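# Commentary on secondary and tertiary structure
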Number of protein chains: 2
Amino acid sequence: MNRRSFLAGLTAAASVHAQSVNDREAIYARIEDNQAAHIHKIQEYVRQVSISSENRGMRECAELTRKYLSEAGCQETSIVNTAGNPVVWGWLDAKAKKTLIVYWMYDVQPVNEAEWTTPPFEARLVAAPAWGPEGRIIRGRGAQNQKGPQRAFLNAVEEIRAQTGGLPVNLMFVCEGEEEMGSPNLPDFVEKHKARLSKAHGVLFPTTSMTRDGKVQFALGNKGVVYMELETAGGPGGGPKFSELHSSMKAAVDSPVWRLVQALASMTDRGGNRIIIDGLLDRIRKPTPRELELFETYLTGYEGEATKRGLGVDRFADNVDTREALRRLWFDCSLNIDGIWGGYTGPGTKTILPSKANAKIDFRLVPNQSAAEAVQIVRRHLLRNGFDDVKVNWWNGYDPSQSDPNSALVRAALAVCQSHNMPVEVMVRMAGSAPHYLFTRELKLPLIQFGLGLGGGAHGKDEFLVVQAARPARGLAFLERGFVDLLYGFAELAA
Amino acid sequence: MNRRSFLAGLTAAASVHAQSVNDREAIYARIEDNQAAHIHKIQEYVRQVSISSENRGMRECAELTRKYLSEAGCQETSIVNTAGNPVVWGWLDAKAKKTLIVYWMYDVQPVNEAEWTTPPFEARLVAAPAWGPEGRIIRGRGAQNQKGPQRAFLNAVEEIRAQTGGLPVNLMFVCEGEEEMGSPNLPDFVEKHKARLSKAHGVLFPTTSMTRDGKVQFALGNKGVVYMELETAGGPGGGPKFSELHSSMKAAVDSPVWRLVQALASMTDRGGNRIIIDGLLDRIRKPTPRELELFETYLTGYEGEATKRGLGVDRFADNVDTREALRRLWFDCSLNIDGIWGGYTGPGTKTILPSKANAKIDFRLVPNQSAAEAVQIVRRHLLRNGFDDVKVNWWNGYDPSQSDPNSALVRAALAVCQSHNMPVEVMVRMAGSAPHYLFTRELKLPLIQFGLGLGGGAHGKDEFLVVQAARPARGLAFLERGFVDLLYGFAELAA
């Protein structure tokens with residue numbers, strides 16, 4: 001099944017556009033008319049600093065987020081304390097049949113201000129740089145990730161309500177302030193409010209799904225991740241306890257560095273690409289027929305050579321072909337060494353037997369692996385293989401998330417793209433990780449990261465969101481209109 | 001054979017003291033009388049800064065060393081240019097039957113002046129610190145390593161000549177200025193002057209061989225060392241070529257860190273203590289019966305528990321007993337990781353697939369291994385095991401050195417100790433490394449590091465040489481007298 005025939009299957013869903021046509025046209029017009037105000041709202045939100053890792057502006061940004069939710073029509077809003085930054089909660093009861101959770105982050109990454117073309121928290125409206133998309137952009141930290149798309153979603157909600165006095169779906173807003181820190185307190189929030197949240201029918205994470213060449217890419221899930229720090233040090237199992245020794249003592253003294261190297265090496269084949277930890281891969285479920293269809297469809301448009309150029313690699317791992325590389329990215333658990341260090345790392349020679357060595361590693365997990373179980377299995381592997389001196393100092397992680405491709409929410413998103421004849425690339429999952437499993441697994445809800453916007457620079461310098469563009473299918477109005485369509489489509493499709 | 005019976009075998013050698021008794025007593029008296037001047041000479045030498053790694057004072061110190069050799073009676077002295085710091089050469093023709101090479105270093109380690117109790121290049125004569133030996137010390141960089149013992153040797157030579165008008169042996173001085181940099185140009189010097197140097201009968205490296213509890217320790221050799229830096233980086237064999245990637249890409253991209261870890265791991269057993277590189281250990285010769293005797297003798301006085309406490313380890317490697325630990329130190333080739341680094345090494349998490357990883361490793365070599373061959377074997381090992389992407393960026397090293405326990409020079413040194421009823425601990429070799437193989441292997445001469453002095457702090461802070469002591473068998477006069485005895489003993493013993 002190629003991409004064309006796959007999308008053809010969605011034409012039934014596209015018929016949602018037949019509904020409420022008059023309302024919809026009026027809403028679109030309002031969106032166009034009010035662009036200046038909408039842009040201003042995004043700028044205002046970006047200007048409120050909220051760097052979670054530096055604890056800057058978090059309370060203020062939580063208050064601002066709550067104000068936005070109230071203004072958008074939530075009858076119920078609150079700032080819910082957690083062990084860290086609060087969750088901002090909002091409930092917009094539209095007396096609709098369906099309820100959508102909007103998963104939202106109000107924190108942003110830190111900035112290296114010296115690298116930026118304009119100050120990251122001024123959120124200036126500027127011409128797009130020459131290398132970038134045509135038109136005008138908001139440049140600022142959070143413009144893409146995620147204040148821009150989130151505020152655009154609220155703009156869309158406000159215009160729907162202004163035009164119709166209602167909303168096709170009820171909304172629950174779950175706005176966390178620690179996404180960039182690994183969402184340490186979101187599991188607790190979701191667990192506590194599980195009963196209420198479970199009443200929803202899907203979860204939207206507003207984002208920018210468009211590529212520069214006009215395609216829409218979105219994923220039905222994320223790999224999980226579990227990040228651990230391993231440490232070896234001198235102690236009862238041998239090795240220098242207090243400080244490094246002269247390296248000639250190696251003949252008679254155990255080495256913590258060697259132990260770490262051997263412990264790591266015991267986890268993969270010699271190529272460093274195949275995991276050989278007993279039991280770790282047992283839980284991985286096979287791809288479903290539907291996932292394999294999506295894989296084949298996506299593969300037809302996947303450019304292996306361009307991907308390699310983009311990554312700066314001469315070959316894929318183990319020199320496999322493009323098909324196998326994509327299969328691994330989507331369906332395999334990977335084990336990476338993020339960092340390793342021990343002993344003397346300066347220029348020239350220093351002959352020491354170090355007393356300590358460390359490594360940071362991460363596994364990317366696929367259904368039905370879990371982060372907590374992966375840690376248990378790694379610990380068991382170390383013990384069984386005689387590496388009881390290797391400590392797992394700490395870990396954190398996300399489980400994998402996965403949404404049903406046949407769920408109403410996914411079908412609604414595809415229908416929105418189809419209505420604009422936009423090419424869509426649907427990924428079974430992204431290799432990157434997110435806390436979305438809290439919704440897909442704990443609440444058993446489909447989640448999509450979706451939005452017909454274009455942006456870039458997340459986590460880096462000169463982050464931006466395109467707001468005005470020469471072509472119609474670009475820019476803030478188009479992004480907002482996509483959210484309008486998504487809400488109507490979701491409301492009207494059978495579950 | 002225990003230490004006592006081993007030493008008893010040396011009483012014949014001790015009879016050298018019957019010779020030239022009148023001269024010897026007069027020389028001892030001169031040494032006592034001239035202590036103030038002798039101490040001053042050492043202070044003067046220490047005060048001449050000569051830090052080779054910082055290129056400070058090297059030419060000046062070479063000149064001073066040459067002046068000393070002339071004053072001591074060398075008919076021939078020269079400053080021989082090399083690709084680095086010059087070698088100072090001296091030839092003292094005493095018309096004697098035997099010739100001794102004095103291997104000498106005129107460079108010293110750098111200093112961290114802030115750590116020192118008194119300025120390291122003032123060479124102050126001060127009371128020994130409370131924790132140290134009783135008496136007075138010269139504190140300064142080079143006081144022990146090696147300006148103090150070397151200048152003490154020259155003092156002894158000058159007093160012999162002053163008293164007798166001659167010297168029992170001819171002396172060749174080979175004074176290098178790059179010992180602390182790994183003696184990069186000494187091989188070339190020795191090679192060029194091999195014909196002349198080969199006429200000598202032994203080599204002395206003047207040092208401080210005494211321990212605080214009044215024993216003499218000396219070794220008949222040094223392990224060799226070969227130090228290499230290994231590197232893996234993205235390239236034709238896979239992995240990111242330009243910069244780190246997001247760690248989720250590990251599923252489809254090779255990792256330079258994994259390759260380095262696996263390449264290292266392929267070199268040892270899981271414990272990190274047994275080398276499994278094909279061919280590396282093949283050249284190791286078995287200990288001779290004489291070496292095994294020395295081992296058994298030394299073992300009787302070797303305190304395993306105290307050694308472990310001193311090293312700060314709970315056990316020896318692989319939890320072996322004291323005998324096996326000492327056997328490994330003396331007779332086994334070891335492989336150490338001095339340092340390893342790659343990727344993110346800061347606090348918390350950063351999810352990256354690094355583009356590069358490095359390790360510094362060193363092998364300690366025993367006869368008949370060689371540094372150059374070890375590098376070849378490591379390279380071959382990497383290629384044969386599919387690690388052709390692991391580069392050996394650079395290496396340097398020393399071959400092992402070994403002196404014949406039955407040589408006249410070794411017997412003369414033992415006889416000197418025996419004449420004072422001092423306990424002697426003779427090591428087959430030290431686990432540490434030195435360029436002495438240039439003499440023992442290239443010139444086939446015995447080399448001893450010897451001197452009845454006491455010092456400490458080499459390479460560290462507050463380096464010192466004991467010069468005045470309450471007990472007679474301590475101090476500079478005793479050290480100088482030991483050199484007098486060594487020269488007479490060496491002259492008189494059959495080869």
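Only a predicted model underlies this, so the values are computations on that prediction, with no experimental measurement involved.

### Focus on the overall build of chain A
The secondary structure content of chain A amounts to 16 helices and 20 strands. Here the C-alpha radius of gyration of chain A, 25 Å, is about what a compact globule of 495 residues would show, namely 23 Å. Its C-alpha atoms give chain A principal-axis dimensions of roughly 85 × 50 × 50 Å. A total of 495 residues make up chain A; the buried ones form 54% of that total. Counting contacts in chain A only where the partners sit at least 6 residues apart, residues at least 24 apart contribute 79% of the total.

### Structural notes on the sheet that holds strand E12 (residues 334-343) of chain B
The antiparallel open sheet is built from eight strands, whose spatial order is E15(A)-E10(A)-E14(A)-E12(A)-E12(B)-E14(B)-E10(B)-E15(B). Edge positions in the sheet fall to strand E15 (391-398) of chain A together with strand E15 (391-398) of chain B, since each has one partner strand and no second. Recorded for the sheet is a direction-independent mean angle of 20 degrees between the axes of neighbouring strands. Relative to E15 of chain A, strand E10 (residues 224-233) of chain A runs antiparallel, the two being bridged by seven bridges.

### Thoughts on the relation of the copies chain B and chain A
Superposition of chain B onto chain A requires a rotation of 180 degrees combined with a translation of 0.2 Å along the rotation axis, giving an RMSD of 0.2 Å. Read as a symmetry element, the transformation amounts to a two-fold axis. No C-alpha of chain B lies nearer the rotation axis than that of Trp341 of chain B, which sits 2.2 Å from it.

### A word on the interface of chain B and chain A
With 68 residues of chain B in contact, the opposing surface of chain A contributes 68 residues. A per-class count over the side of chain B that touches chain A returns 28 nonpolar, 25 polar and 15 charged. As defined by bridge partners, strand E12 (residues 334-343) of chain A adjoins E12 of chain B across five bridges and the pair is classed as antiparallel. Within the sheet, the bridge partner assigned to Gly343 of chain A lies in E12 of chain B and is Gly339 of chain B.

### Examining the pairing of strand E7 (residues 202-206) of chain B
Residue and element names in this part refer to chain B. Within E7, five of the five residues are buried, leaving the element largely enclosed by the surrounding structure. Two elements, strand E3 (residues 99-105) and E7, share three bridges in a ladder whose sense is parallel. Its bridge partner lying in E7, Leu100 is registered against Gly202. Pairing of E7 with strand E18 (residues 447-450), which is carried by four bridges, proceeds in the parallel orientation. Across the sheet, Pro206 pairs through a bridge with Phe450, a residue of E18.

### A few points about the domain arrangement of chain A
Accessible area lost on assembly of the parts is the figure often given for the size of an interface. Residues and elements named next belong to chain A. When the domains of chain A are assigned, the result is domain 1 (3-222 + 400-492) and domain 2 (224-284 + 333-398). The straight-line distance from the C-alpha centre of domain 1 to that of domain 2 is 39 Å. If you look at the interface, domain 1 gives eight residues, while domain 2 gives nine residues. By residue class, the composition of the side of domain 1 that touches domain 2 is five nonpolar, three polar and no charged.

### Side note on the sheet that holds strand E5 (residues 136-139) of chain A
Residues and elements named next belong to chain A. Judged by pairing direction, the sheet is antiparallel, and its four strands sit side by side in the order E4-E5-E20-E19 without closing on themselves. Of all strands in the sheet, those bounded by a partner on one side alone are strand E4 (124-127) and strand E19 (455-456). The sheet strands contacting helix H4 (residues 35-47) are E4, E5 and strand E20 (464-468), and the helix crosses E5 at an angle near 25 degrees.

### Let's talk about the pairing of strand E20 (residues 464-468) of chain B
Residues and elements named next belong to chain B. Most of E20 is tucked away: four of the five residues are buried. Sheet analysis places strand E5 (residues 136-139) next to E20, joined by four bridges and oriented antiparallel. Bridging across to E20, Arg136 finds its partner in Gln468. Examined bridge by bridge, strand E19 (residues 455-456) and E20 share two bridges and lie antiparallel to one another. Bridge pairing in E20 links Gly455 to Leu465.

### Observations concerning unusual backbone geometry
It is generally the case that most residues other than glycine have a negative phi and that most peptide bonds are trans. The residue after Pro367 of chain A, namely Asn368 of chain A, is reached through a cis peptide bond having omega 0 degrees. One can find Asn368 of chain A in the loop between strand E14 (356-365) and helix H13 (371-384). The backbone phi angle of His459 of chain B is positive, close to 70 degrees, even though this residue is not glycine. Here His459 of chain B lies in the loop between E19 and E20.

### Brief notes about helix H13 (residues 371-384) of chain B
Residues and elements named next belong to chain B. If you check H13, its first and last C-alpha atoms are 20 Å apart, about what 14 residues at 1.5 Å a residue would give, namely 20 Å. Within H13, the full set of buried residues consists of Ala371, Ala374, Val378 and Leu382. Projected down its long axis, H13 carries its buried residues within an arc of 75 degrees, all on one side. Looking at H13, the residues exposed on the side facing more than 90 degrees away from the buried face are Ala372 and Leu383. In this structure, the buried residues of H13 make contact with strand E10 (224-233), helix H9 (256-265), strand E14 (356-365) and E15.

### Description of the packing of H4 of chain A against helix H16 (residues 476-492) of chain A
All names here are of chain A. At a minimum axis separation of 11 Å, H4 and H16 run at an interaxial angle of 90 degrees. Of the possible angle classes, the one that applies to H4 and H16 is roughly perpendicular. In contact with Gln35, His38 and Ile39 of H4, H16 contributes Leu476, Ala477 and Glu480.

### Considerations on the packing of helix H3 (residues 21-33) of chain A against helix H6 (residues 147-164) of chain A
Residue and element names in this part refer to chain A. Two elements in contact, H3 and H6, have axes separated by 9 Å at closest approach and are oriented at 125 degrees. Classed by the angle they form, the pair H3 and H6 counts as oblique. Viewed along their axes, H3 and H6 form a crossing whose handedness is right-handed. Between H3, through Asp23, Ala26, Ile27, Arg30 and Ile31, and H6, the contact on the second element is made entirely by Glu159, Ile160, Ala162, Gln163 and Thr164.

### A look at the nonpolar core
Core analysis: the largest hydrophobic core is formed by 292 residues, its most contacted members being Ile101 and Phe173 of chain A together with Ile101 and Phe173 of chain B. Not counting residues within four places of it along the chain, the set of residues in contact with Ile101 of chain A comprises Met172, Val174, Leu197, Ala200, Val203, Phe439 and Leu445 of chain A.

### Some details on the environment of Lys67 of chain A
All names here are of chain A. Along the chain, Lys67 turns up in helix H5 (residues 58-71). Owing to 12 C-beta atoms within 10 Å, Lys67 belongs among the exposed residues under this scheme. Spatially, the C-alpha atoms of Lys67 and Arg380 are 49 Å apart, while their sequence positions differ by 313 residues.

### Concerning the confidence of the model for chain A
Residues and elements named next belong to chain A. Summing up the model confidence of chain A, the mean pLDDT is 92 and the portion of residues at 70 or higher is 95%. Overall, residues 1-19 carries pLDDT values under 50, and its contacts beyond four positions in sequence, including any with other chains, amount to 33 contacts. Under the prediction, the complex receives an ipTM of 0.87, its pTM being 0.86.

Cut-off values and rules
- One numbering rule holds for all chains: residues counted from 1, following each sequence as written.
- Whichever chain is written first becomes A and whichever ligand is written first becomes 1, with later ones labelled in order.
- pLDDT decides what is reported in this predicted model: residues at 70 or higher carry local features, side-chain atom pairs at 80 or more are listed and counted, and totals for whole chains, interfaces and linings draw on all residues regardless.
- Helix numbering and strand numbering both begin at the N terminus, where a helix is a DSSP run of H or I of at least 4 residues and a strand a DSSP run of E of at least 2.
- The globule rule used here is 2.2 Å times the number of residues to the 0.38 power, and the radius of gyration it is set against is calculated over C-alpha atoms.
- With C-beta atoms placed from the backbone, the exposure class of a residue follows from how many other C-beta atoms lie within 10 Å of its own: 20 or more, buried; 12 or fewer, exposed; in between, partly exposed.
- This entry defines residue contacts through backbone-placed C-beta atoms, with two residues in contact when those atoms are within 7 Å.
- The pairing criterion for strands is at least two bridges between them, as found by DSSP.
- The angle between two axes is taken between their N-to-C directions and runs from 0 to 180 degrees, where each axis is a line fitted to C-alpha atoms and a helix contributes only its stretch in contact.
- Here the copies are superposed with least squares, the fitted atoms being C-alpha atoms of residues at a pLDDT of at least 70 in both.
- Under the scheme applied here, ten amino acids are nonpolar (Ala, Val, Leu, Ile, Met, Phe, Trp, Tyr, Cys and Pro), four are charged (Asp, Glu, Lys and Arg), and all others, including Gly, are polar.
- Residue ranges assigned to each domain were obtained from an automatic or database domain assignment.
- Expected helix span is taken as 1.5 Å per residue step, with the number of steps being one fewer than the number of residues.
- To be clear, the arc concerns the directions from the helix axis to the C-beta atoms.
- Every angle not falling under 35 degrees, over 145, or within 65 to 115 is termed oblique; those three ranges are roughly parallel, roughly antiparallel and roughly perpendicular.
- A clockwise turn of the near helix away from the far one marks a right-handed crossing, whereas an anticlockwise turn of less than a right angle marks a left-handed crossing.
- Each nonpolar core comprises buried Ala, Val, Leu, Ile, Met, Phe, Trp, Tyr and Cys residues, the members being joined through C-beta atoms within 7 Å.
- The predictor rates its confidence in each residue with pLDDT, a number between 0 and 100.

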